[in-house]
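# Observations on the three-dimensional arrangement
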Amino acid sequence: MKQLRIGVLAGLFVVAGVLSWGAARLWDSFGTLPSVPLAAPIVLAVIAVVLTATALSLRARLKAQRERRPGAQGVNPLMAARAVVFGQASALVAALVSGMYGGTGVFLLGSLDIPARRDQAIYAAFSVLAGIAVIVAAFFLERVCKLPEDHDKNGTAPAGPST
């Protein structure tokens, strides 16, 4: 499984932001701009909380397992892999959604004197912040579930089984 790359997420954010900004300008010239829903930052924040809670739970269970505490529950490798995939998918979607709301928010900065547009710009800003929180939580979850490197004391890979 490949690790998340900050460059890919930043690229998705920028591309979605530019496209969203252009679409918002075009849409506004033809009529009313669709509103940024109040639920957008809330949903992204809930996803960030779920990812963080999952990472903290897995970290505690892995630590108890490493310390060989009595009654420690092990972590099923398939469950850890599913958690990482959920985190990666959430980070990719959050980068796209945050870029989309970021582009719309940048467009709305030109009309902050209108109360409705100001509210929409605030919702868009909170959506971007919540999307960044999702990405940070996904990186944290990925770090928690990462397997330790399999190197010996000299820094070289161990030799295969002797024949």
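These lines cover the structure that appears in this document, whether it is placed above or below. (Residues numbered from 1 in each chain as written. Predicted model: local features only at pLDDT ≥ 70, side-chain atom pairs only at ≥ 80, totals over all residues. Heavy atoms only, no water.)

Roughly 710 Å³ of volume is contained in the largest pocket. Along its surface, the largest pocket is lined by 23 residues, and E142, V144, C145, K146 and L147 are the ones closest to its centre. If one sorts the elements of the lining of the largest pocket by residue count, helix α2 (residues 39-66) sits on top with 6 residues. Approximately 170 Å³ is the volume found for the second largest pocket. Those elements that provide at least two residues to the lining of the second largest pocket are α1 (6-30) and α3 (77-108). (1 Å grid on protein atoms, 1.4 Å probe; cavity = no way out; pocket = protein on both sides within 12 Å on 5 of 7 lines; lining within 4 Å. Points joined across faces, edges and corners; volume = space filled by probe spheres on them. Helix = DSSP H or I, 4+ residues; strand = E, 2+ residues; numbered from the N terminus.)

With that settled, the discussion passes to α2. Helix length check: α2 (28 residues) gives 40 Å between terminal C-alpha atoms against 40 Å at 1.5 Å per residue, within 8%. Among the residues making up α2, those that are buried are A40, P41, L44, A48, L51, A55, L58 and A64. In this structure, the buried residues of α2 make contact with α3 and α4 (115-145). Of the residues trailing α2, R68 is marked for its positive phi of about 55°. (Expected span 1.5 Å × (residues − 1). Buried < 20%, exposed > 50% of the residue type's maximum accessible area, 1.4 Å probe, protein only. Contact = heavy atoms within 4.5 Å.)

Overall, the coordinates contain 1 salt bridge when judged by the stated rule. The partner of D28 in a salt bridge is R117, with the nearest N and O atoms 2.7 Å apart. With D28 in helix α1 and R117 in helix α4, this pair connects stretches of sequence that are 89 residues apart. (Salt bridge = Lys/Arg side-chain N within 4 Å of Asp/Glu carboxyl O.)

A separate point is a positive patch on the surface. Taken together, the side chains of R59, K63, R66 and R143 make up a positively charged region of the molecular surface. Per element, the largest residue contribution to the positive patch is 3 residues, and it comes from α2. Here R66 shows up in helix α2. On the basis of relative accessibility, which here comes to 61%, the residue R66 falls in the exposed class. (Patch = residues over 30% accessible without salt bridge, like charges linked within 9 Å, V, L, I, M, F, W, Y side chains within 5 Å. Areas by Shrake-Rupley, 256 points an atom, 1.4 Å probe, with all protein chains shown as cover. Lys, Arg positive; Asp, Glu negative; His and termini not counted. Charge placed at Lys NZ, Arg CZ, Asp CG, Glu CD.)

Residues L38, I42, V46, V50 and F86 make up a contiguous nonpolar surface patch of roughly 440 Å² in combined accessible area. Looking at the nonpolar patch, the element that brings in the most residues is α2, giving 3 residues. Residue classification places V46 among the partly exposed positions, given a relative accessible area of 48%.

To continue, consider the nonpolar core. Within the largest apolar cluster, 22 residues are counted, with the highest numbers of intra-cluster contacts made by L51, L58, A91, V134, I135, L141 and C145. The set of elements that each furnish at least two residues to this core consists of α2, α3 and α4. With 8 residues, the top contributor of residues to this core is α4. Setting aside chain neighbours within four positions, we find L51 in contact with F86, G87, S90, V134, A137, A138 and L141. L33, F107, L108 and A121 belong to the second largest nonpolar core, which has 5 residues in total. (Core = buried A, V, L, I, M, F, W, Y, C linked by side-chain atoms within 4.5 Å.)

Let us now look at the side chain of Q120. As for its placement among the helices and strands, Q120 is situated in helix α4. Residue Q120 is classed as buried on the basis of its relative accessible area of 16%. What Q120 contacts, discounting residues up to four positions off in sequence, is S35, V36 and L108.

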